[in-house]
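# Architecture and fold: a report
These are the residues of each chain, in order.
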Amino acid sequence: RAGQHNLCTELFGTAVGVARHGGMAPYVAVPAKVLHRLPDGVDTKQGAWVEPLATALRGVRRCGIGMGDPALVSGAGPIGLLIVVLLRAMGVGQITVLEPSPIRGAKALEVGADTVIDPLTTDLAAVFDNPASAPAHGFEASGVPAAIETSLRVLRPRGTLTVTGVAPRPRSS
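The notes below deal with the structure included here. (Residues numbered from 1 in each chain as written. Predicted model: local features only at pLDDT ≥ 70, side-chain atom pairs only at ≥ 80, totals over all residues. Heavy atoms only, no water.)

### Digging into the nonpolar core
If you look at the biggest cluster of nonpolar residues, it comprises 21 residues, and the most contacted ones within it are Val73, Ile83, Leu87, Ile95, Val97 and Phe139. Top contributing element to this core by residue count: helix H4 (residues 78–89), with seven residues. Counting residues in each nonpolar core, the second largest holds eight residues, with Leu72, Ile117, Val154 and Leu161 among its members. (Core = buried A, V, L, I, M, F, W, Y, C linked by side-chain atoms within 4.5 Å. Buried < 20%, exposed > 50% of the residue type's maximum accessible area, 1.4 Å probe, protein only. Helix = DSSP H or I, 4+ residues; strand = E, 2+ residues; numbered from the N terminus.)

### Examining the pairing of strand S5 (residues 160–163)
Relative to S5, strand S4 (residues 137–140) is paired through four bridges, and the arrangement is parallel. The residue of S5 that forms the bridge with histidine 137 is threonine 160. Handedness of the crossover joining S4 and S5 through helix H7 (residues 145–154) is recorded here as right-handed. (Pairing = 2+ DSSP bridges. Right-handed = clockwise from strand over helix to strand, strands pointing away.)

### Points about the side chain of glutamate 99
For glutamate 99, the location among the structural elements is in the loop between strand S2 (95–98) and helix H5 (102–111). Here glutamate 99 is buried and forms no salt bridge, its nearest opposite-charge partner arginine 104 lying at an N-O distance of 4.7 Å. Among the polar contacts made by the side chain of glutamate 99, one reaches the main-chain amide nitrogen of alanine 76 at a distance of 2.7 Å. Side-chain polar atoms of glutamate 99 contact the backbone nitrogen of serine 101, separated by 2.9 Å. With residues up to four places along the chain from it excluded, the contact list for glutamate 99 reads Gly75, Ala76, Gly77, Arg104, Gly105, Val116, Ile117, Asp118 and Pro119. (Lys, Arg positive; Asp, Glu negative; His and termini not counted. Salt bridge = Lys/Arg side-chain N within 4 Å of Asp/Glu carboxyl O. Polar contact = N/O pair within 3.5 Å; in protein donor to acceptor, adjacent residues only side chain to side chain. Contact = heavy atoms within 4.5 Å.)

This is how it looks when you write it as structure tokens:
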């Protein structure tokens, strides 16, 4: 009611793109008040990328990362890949992506990641064995609840994890 839709307790039951198909679906029914007309010259395929790009850009802008800083990105789906592109464009240092899918991992390397690690088959404690050299900034873009815990274990002490991924269901304790 206060306009803070992202904090709605009914988010997991109503949100477009979470509870039901979103902007990448062929057809979506949404209330007219949430629609925005695309400018002339912007086709629907380009327009479908506005929200994922806005999500990635907001996360990168607010996290406090700087040029040369190493970064961790968990998930190489659309938003994770956009985060990699933005981080590379702003001149961050080593970009490590945690992604179990070989296809998505290859795409992450193609768009600017330095390293892709499968977190399901790799001992991350051995890879990130020195807390001083671990990334201080991480981005969780997979929406997998366990990925948050994994990312927090990898980041250096007092690191910052920006969570942009939303799981289809809240994690049960």
